[in-house]
Amino acid sequence: MEYRFQEIEKKWQHFWQSNQTYRVDENSTNPPYYVLDMFPYPSGAGLHVGHPLGYIASDIYARYKKHTGFNVLHPMGFDSFGLPAEQYAILTGQHPAKTTKENIARYREQLDKLGFSYDWSREIQTSSPSYYKWTQWIFIQLYNSWFNPTTSKAEPISQLIQFLNENGLSSAFLNEIPGIMDADIKPFTVAEWKGFTIEQQQNVLMNFRLAYLGESFVNWCPELGTVLANDEVVNGFSERGGYPVERKLLKQWSMRITSYAQRLLEGLDALDWPESIKETQRNWIGRSEGISVRFPLIKHEGWIEVFTTRPDTLYGVSFLTIAPEHERVSALCTSEQLEEVEAYIALSKQRSERERIADVNTISGVFTGSYVAHPFTKEPIPIWIGDYVLAGYGTGAVMAVPAHDERDFKFASHFSLPIKQVIQPQESHDFNLGAWTEKSGVLINSQLLNGLSVYEAIQIITENIVNEGHGSKRINYKLRNAVFGRQRYWGEPIPAYFKGDQPYMIPVEMLPLNLPEVDKYLPTEDGDPPLGRAANWKFQDLFEYEKSTMPGWAGSSWYYLRYLDPSNENMLAAPDKIAYWGSVDLYMGGAEHATGHLLYARFWCKFLSDLGIIPFEEPFKKLINQGMILGRSSFVYRVEGEQTFVSAGLKDAYRTTPIHVDISLVTNDRLNIDGFKSWRSEFKNAKFILEPSGEYLCGYEVEKMSKSKYNVQTPDELVERFGADTLRMYEMFLGPVEQSKPWDTKGITGVQGFLKKYWRLFHLNGKFELNEAKPSKEHYKILHKTIRKIREDLDRFSFNTGVSNFMICVNELTESKGNYREILEPLTVLLAPFAPHITEELWEKLGNKPGSLFNASYPTFNPDYLVESDYEYPVSFNGRMRFKISLPLSLNTEEIQANVLSQAETIKWLEGKSPKKIIIVPGKIVNLVI
RNA sequence: GCGGAUGUGGUGAAAUUGGUAGACACGCUAGACUUAGGAUCUAGUGCCGAGAGGUGUGCGGGUUCGAGUCCCUCCAUCCGCACCA
């Protein structure tokens, strides 16, 4: 009987759906296990074969866990707010909700065809009000919280108010608070605090809130008409769409993620994540330990504070450089320098972020005319302005030590400023060519530091700076607070309204704040975001609502929690359900979210944990990044000036132009000529120069999958031709999940052949028929060897070798006529996670209850069946294997040696010499050294 | 520049702790069955060599009885960050 995969797959998909086979709840005595895929954004293009790669792997693992006695949560949903749907809406006038709904339906249909074990009763969509109600709720909690530096935790803002009532705000306390460095807030006493107006007090509190409205330089994308977070900007262009991005000073809703910088960094160590992702996050957080040093101004009040990690070079300072945006710039600029400085600042304002990045090597700057005094030598040091200093990092000012910093060196060389050596470098180093930036060498020209190593000098000078009141130790982070408002329509409304300039949160009982209808998805004439078009967009008909919406990452920052209790109307998820399932055990998804989603989700998780809503600090225990699947484009070669196409093997004899051809017309590089002719009218009368075999061979190239390259492979088409089980196994067979690889259908027939062969094991003369006798030891051995390997493979997520091991097993069973019920029944359970449809069918035919396979327990490996009496020893001479000899495993080292030495082969290879040494590892190898 | 990862046949790859390199699959070659199929089966297939044999995991070196695996130098490719003081 033929393996009719289409019939079988349809039958079981229908069965699973109508019987709710994959539904899970908390009423189980089995331990819980949570397997999660990064939910997709439902784009108009649908899924291509790259998307399911991770889904298949996690589905196999989830099913495996289920078979081995876990209560497995394996949900799926859609990240359904976002720019593409809105861009499409602007073009067509169609409501984004409509296209989103259609796209979700299409995705769902494609996913269903692949036989995933998702519990769809838990489906969530970030754009549905019942979901974003809780996204808004979390936002309000963030607004009502601050980060207490003493406890390193988020606490209610009411506790801060109480603290300020009792203590006021000291500069020491202010210094300790991570994340508010860039805010302009001054210390005050209790009396001053109490004397503030309510508005003044609120303005102070705004500097502490974890979700806050603040003025800062933001990434503004004019084309998209919205601000973007740092991770949404790639090399000065928007990640979505690739439009230019500018710096702009704007009042914006932001997230004080920098408060959590230290905890986000520390938390990484314990995570079972790929090293590259952890490293990327560490890099993005960018912790650096150093000291801030105050250089007193000459002829002005106060000082310039710089941040440095190299205080050992303090005696090598020859000038200070401050950022063009530095707050003291205009005050410090003397009248002689005014014109030049103003011109420079105007120029650097004009330069977009993109230009600055593209133009790193151009050195520009200007002298302010003012000086500071060196804290120890009291020598005057000129203050320069340079745009290589970033306003947003450290103090926006650096002490320039040209001899030991590459950028300072270039700046000094360009403007002929002094270069003062304070570390004796390696002899070979030439100061005409560049700075000595190594942290090695002996200090010179540095008074009390002379003769010390760099490390010692850092310790001593730091102590002196602190003791003499010139500065304090400081830790800086590259991580910036994340801009949270988007001037777009298709996102969660920010649940705030305004009385005058003061924002207020709407009461949580009134959530959700529904996304209003608008006539157009464009900004208003006054430049307000699209929500400005909504009729009466006012709280209680009086106070204007916030018009920005939340960014794409808002909904995805906590969705893993909603799956635990998706329809709860009273809280984001019930505490007992959160306690039962816990955090995600296995998270599967792409590496492109390293600094976006994965960092924000960790931030919100820590916040919710501080609030006591969840009992864990990290959302995802183990993370696996599935690799990208690249497209494999096919080409035909048109002879120049003709409608003649020459096969790839013969093309070098002609002058040809390669043309992309739709990969659906190509099988194993062979062109479907008739299909090609009717593909496009211009090829209707095409002529062909064929290979001697009579075939037309196409050339190929590996590129990104894209419509314009005709290399997009949809899973639907392959499911149609080969079946879902074949596609599932083939995607796994391609190679390790973590690895990127080109898509190539070449090998898929091999996997299909395997399933056919497996199917044939159960059939004799076209009928389902098994050998009911007791299997031989040999057959048990085949089975148990496979059980062991498959379990090992699954435990280390090595799905590709798993598929291979199934092939080996079926090959061996076929060869040895091992069609015993006692062998094939456990094998069917073993294979079920990989190929759920064919195994369900055979499971039923074996006489089991339909649909019960999912709950069957996984076969266990019995070592007794693998006990061997003999072993084929490889015998090596000088490490090179020459021949094999089968010996009983019971032999000891001496007996093995005696046996090997008596072999004719051994005598031949010894060539009359006697071995210097004989290494024998029983059960492993024999090696003779001659 | 800094950080991470990866280099193995014609191709995708395997080799979990140092112990038979290339499992499994594609492709290719030859053959069988065949009114032909994108079907199935058999044999072969790293490279050089007629063979004996030699040689072989990016290059060069080291440790070891033994290295794809450990150590050092270099090269290439991919990814991330990048004027971060």
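Above this text is the structure in question.
Definitions and limits used
Residues numbered from 1 in each chain as written. Chains lettered and ligands numbered in written order. Predicted model: local features only at pLDDT ≥ 70, side-chain atom pairs only at ≥ 80, totals over all residues. Heavy atoms only, no water. Helix = DSSP H or I, 4+ residues; strand = E, 2+ residues; numbered from the N terminus. Buried < 20%, exposed > 50% of the residue type's maximum accessible area, 1.4 Å probe, protein only. Contact = heavy atoms within 4.5 Å. Areas by Shrake-Rupley, 256 points an atom, 1.4 Å probe, with all protein chains shown as cover. Lys, Arg positive; Asp, Glu negative; His and termini not counted. Charge placed at Lys NZ, Arg CZ, Asp CG, Glu CD. Near = heavy atom within 4 Å. Polar contact = N/O pair within 3.5 Å; in protein donor to acceptor, adjacent residues only side chain to side chain. Nonpolar A, V, L, I, M, F, W, Y, C, P; charged D, E, K, R; others polar. Salt bridge = Lys/Arg side-chain N within 4 Å of Asp/Glu carboxyl O. Pairing = 2+ DSSP bridges. Axes fitted to C-alpha atoms, helices over the stretch in contact; angles between N-to-C directions.

1. Focus: the overall build of chain A
Now for step 1: When its secondary structure is counted, chain A shows 30 helices and 39 strands.
Now for step 2: With the principal axes as the frame, chain A shows a C-alpha extent of 100 × 85 × 75 Å.
Now for step 3: A buried classification covers 53% of the 930 residues belonging to chain A.
Now for step 4: A separation of at least 24 residues holds for 71% of the contacts in chain A among residues at least 6 apart in sequence.
Now for step 5: As displayed, chain A has an accessible area near 41,800 Å², and 50% of this comes from carbon and sulfur atoms.
Now for step 6: The distance from the centre of the 97 positive side-chain charges to the centre of the 114 negative ones in chain A is 5 Å.

2. A word on the protein's contact with RNA strand B
Now for step 1: Contacts to RNA strand B come from 51 residues, most closely from R407, R721, L734, E792 and K884.
Now for step 2: Considering RNA strand B, the proportion of its atoms within 4 Å of the protein that are sugar or phosphate atoms stands at 59%.
Now for step 3: At a separation of 3.3 Å, a phosphate oxygen of RNA strand B approaches a polar side-chain atom of R796.
Now for step 4: When residues of the surface near RNA strand B are assigned to their parent elements, the largest contribution, 6 residues, is made by helix α26 (residues 799-815).
Now for step 5: For the surface near RNA strand B, the class distribution of residues is 19 nonpolar, 16 polar and 16 charged.

3. What about the side chain of D793?
Now for step 1: Among the secondary structure elements, D793 is positioned in helix α25 (residues 777-795).
Now for step 2: Of note is the side chain of D793, whose polar atom sits 2.8 Å from the side chain of N805.
Now for step 3: With residues near it in sequence (within four places) discarded, D793 still touches S798, T801, G802 and N805.

4. Details of helix α9 (residues 198-206)
Now for step 1: Among all positions of α9, only V204, L205 and M206 are buried.
Now for step 2: Where α9 is buried, its residues touch α5 (129-143), α6 (157-167), α8 (190-195), β5 (211-221) and β21 (502-505).

5. Focus on the pattern of salt bridges
Now for step 1: In this structure the tally under the stated criterion is 42 salt bridges.
Now for step 2: As a salt-bridge pair, E275 and R282 come within 3.3 Å of each other at their nearest N and O atoms.
Now for step 3: The salt bridge partner of R680 is E682, with a shortest N-O separation of 3.4 Å.
Now for step 4: On the basis of relative accessible area, R680 is assigned to the partly exposed category, the value being 27%.
Now for step 5: A relative accessible area of 42% means that E682 is categorised as partly exposed.
Now for step 6: Linked through salt bridges whose partners overlap, the residues forming this network are R263, R602, K606, D610, E617 and E618.

6. Some thoughts on the side chain of T395
Now for step 1: The residue T395 is located in the loop between β14 (380-386) and β15 (397-400) in this model.
Now for step 2: A distance of 2.6 Å separates a polar atom in the side chain of T395 from the backbone oxygen of E305.
Now for step 3: Excluding residues within four positions of it along the chain, T395 makes contact with E305, V306, F307, H326 and R474.

7. So, the pairing of strand β12 (residues 319-322)
Now for step 1: Here β12 shows a buried face lined by F319 and T321 and a second buried face lined by L320 and I322.
Now for step 2: As defined by bridge partners, β12 adjoins β15 across 4 bridges and the pair is classed as antiparallel. Bridging across to β15, L320 finds its partner in M399.
Now for step 3: Note: β12 against β14, 3 bridges, orientation parallel. Bridged to I322 within β14 is I385.

8. Focus: the sheet that holds strand β1 (residues 32-37)
Now for step 1: On the basis of which strands lie adjacent, the open sheet formed by 4 strands has the order β2-β1-β24-β25 and parallel pairing. Two strands lie at the open edges of the sheet, namely β2 (71-73) and β25 (620-625), each paired on one side alone. For this sheet, the mean inter-axis angle between neighbouring strands, taken without regard to orientation, is 20°.
Now for step 2: Pairing geometry for β1 and β2, over 3 bridges, is parallel. For Y34, the partnering residue across the bridge sits in β2 and is L73.
Now for step 3: Packing against the sheet, helix α2 (residues 52-67) makes contact with β1, β2 and β24 (584-589), and its axis sits at approximately 170° to β1.
Now for step 4: Sheet contacts for helix α20 (residues 597-610): β24 and β25; angle to β25, the most-contacted strand, approximately 175°.

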